[in-house]
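Inside the fold
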Amino acid sequence: MSTEEKAHLAAFAFPFGSHPTALFHLVQRLAAACPQVHFSYFNIESSNKKVLSRLDTTHSNIKIYHVDDGVPEGHVSSGNPMEFIEFFIKATPANFSKRLEQVEKEMGTKATCLLSDAFLWFSGDMAQERGIPWLAYWAAGPSSISLHLYIHGIRAKLGNDDGQIQNLDQTLDFIPGMSAIRASDLPVEILQINGLFSHMLYNMSDTINRAYVVLNSFDGVDSVVECDLKSKLKRLLNIGPFPLPKALKCTEDQSGCLSWLSHQDAASVAYISFGTILTPPQPELVALAEALEEKQVPYLWSFADNSKRILIQGFFERTGRIGKLVEWAPQTEVLSHPSVGVFVTHCGWNSTLESILGGVPMICMPFFADQMINRRLMENVWRIGVGVQGDFSKSGMVEALDLVLWKDEGNKMRENIGRLKERAYMAVAEKGSSTEDFKSLTTKAKDI
Ligand code: UDP
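The rules behind the values
Residues numbered from 1 in each chain as written. Predicted model: local features only at pLDDT ≥ 70, side-chain atom pairs only at ≥ 80, totals over all residues. Heavy atoms only, no water. Axes fitted to C-alpha atoms, helices over the stretch in contact; angles between N-to-C directions. Helix = DSSP H or I, 4+ residues; strand = E, 2+ residues; numbered from the N terminus. Parallel < 35°, antiparallel > 145°, perpendicular 65-115°, else oblique. Left-handed = near helix turned anticlockwise from the far one by under 90°. Contact = heavy atoms within 4.5 Å. Nonpolar A, V, L, I, M, F, W, Y, C, P; charged D, E, K, R; others polar. Pairing = 2+ DSSP bridges. Buried < 20%, exposed > 50% of the residue type's maximum accessible area, 1.4 Å probe, protein only.

1. Quick word on the packing of helix α6 (residues 142-149) against helix α10 (residues 223-232)
Packed helices, taken two at a time, are described by the angle their axes make and the gap between the axes. Two elements in contact, α6 and α10, have axes separated by 10 Å at closest approach and are oriented at 45 degrees. Here α6 lies oblique to α10, going by the angle between them. Considering how the two elements wind past one another, α6 and α10 form a crossing that is left-handed. When α6 is examined against α10, the residues P142, S143, I145, S146 and L149 are found in contact with a partner set consisting of V225, D228, L229 and K232. Here the residues of the contact of α6 with α10 are counted per class, giving 5 nonpolar, 2 polar and 2 charged.

If you want it as structure tokens, here you go:
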């Protein structure tokens, strides 16, 4: 028999990039749907601070805990972001298991369900030892998780002994639904086990089929891949897209993005953001800035890293009349504003979904991880975006802006993305496929 009285879901975050926020959004959604369940969210302190500064945390059934980040005392950063990821990986799984045990003692309630970022593959062993379900949240799209499941086949077919790809143009047509993806689109971690991070992902590839895998995606976004995934995984739950854009009050529009947008013409603005980790190299930034300036495209640019604005010296000062620069934008709402005509994006999965929800076609500037795969899907499969010719050159950027904002191709993309948007909203409507999958997820969260 299931009673919600003592159900306790422990959530383990991977503390970098958009991962911890995405997991926290999911915990909030579950906490609202299961008010009797207690939720414990575990993350490193510095990442918790970031997540909490941007999200409202009013759910009384969520408690937030810090785990050890593994950084040695007195450590002076080399400036390489990978070093903090490696410190963290070295501290796992002991940091999570130790803290969870303390929390369980304090609460007097054992965890009855473990929800982890899928990267934290050891959560599967912890859940198994405890005899509780493991829910693994994959913070990207169906194609990228599928590639991890085919890691052995990909390496055997494409790589040589050093993990180098022999033919970059070769498509991955030996994997269901992947004929548009090329070897050159693969994240380096798929081909080489080199370093702690790729080891972590490699271990995940071998354990993920034991989990209930949760995706922020919706049925039909990539039917062949989804069907194949469903045959390989214990269970696949497509519960997205979420969060949906909200009607923000004036006081919540602290950066003034939405009020600035409301003074612009319909579908005229280029919204620019490269996500939570990345600042593109100088030549790409210069090409983009020069193209915007030459074409006098109104822009809203989310540029978090103050220290790197110098890379396009003078641009923001010269173009203040046509543009707005912010450190952080309410992106989901911005992309659903009718004035936005194009999204210049690094093709992160959350950004892709948010652009679909807004019905905004994209100019794709991918750099690493799953970004090149998402670009390929946007450009060649869904036809809702375009790449930049000539290695992100200025002329390539001018051409891409022209195409999306003012040419028929842009209208065609808007129609295509409009259809995807419709499907996305159908999935999250009452009785929609994502709504039903979310209900199944809440059943797991409540069960004891
Ligand atoms: N984001 C935002 N405001 C900004 C920049 C980014 O809200 O000014 C959010 C964006 O809405 C998305 C996330 O940051 O949800 C970025 O996630 P994505 O998967 O696209 O990229 P990543 O950061 O993982 O590279």
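Still to come is the rest of the account.
2. Comments concerning the sheet that holds strand β2 (residues 38-44)
On the basis of which strands lie adjacent, the open sheet formed by 7 strands has the order β3-β2-β1-β4-β5-β6-β7 and parallel pairing. The open sheet terminates on both sides in strands that have one partner only, identified here as β3 (62-67) and β7 (235-238). On average, each strand axis in the sheet is inclined to that of its neighbour by 20 degrees, with strand direction left out of account. For strand β1 (residues 8-12) and β2, the ladder comprises 5 bridges, and the chain directions are parallel.

3. With respect to the pairing of strand β8 (residues 269-273)
Buried residues dominate β8, accounting for 5 of its 5 residues. Of the two faces of β8, the one lined by V269, Y271 and S273 and the one lined by A270 and I272 are each fully buried. Taken together, the 5 bridges between β8 and strand β11 (residues 340-345) define a ladder with parallel strand orientation. Counterpart to I272 in the pairing with β11 is V344.

4. Looking at the environment of F84
Structurally, F84 is set in helix α3 (residues 82-91). Each C-alpha atom of the pair F84 and F16 lies 9.1 Å from the other, and the pair is 68 residues apart in sequence. Setting aside its immediate chain neighbours within four residues, F84 contacts F16, V71, H75 and S77.

5. Some remarks on the side chain of R375
Mapped onto the elements of the fold, R375 is located in helix α16 (residues 371-381). On the basis of relative accessible area, R375 is assigned to the buried category, the value being 16%. The residues touching R375, leaving out its near neighbours within four places in the chain, are D185, C347, C364 and P366.

Scope: geometric values only; no functional claims are made or implied.
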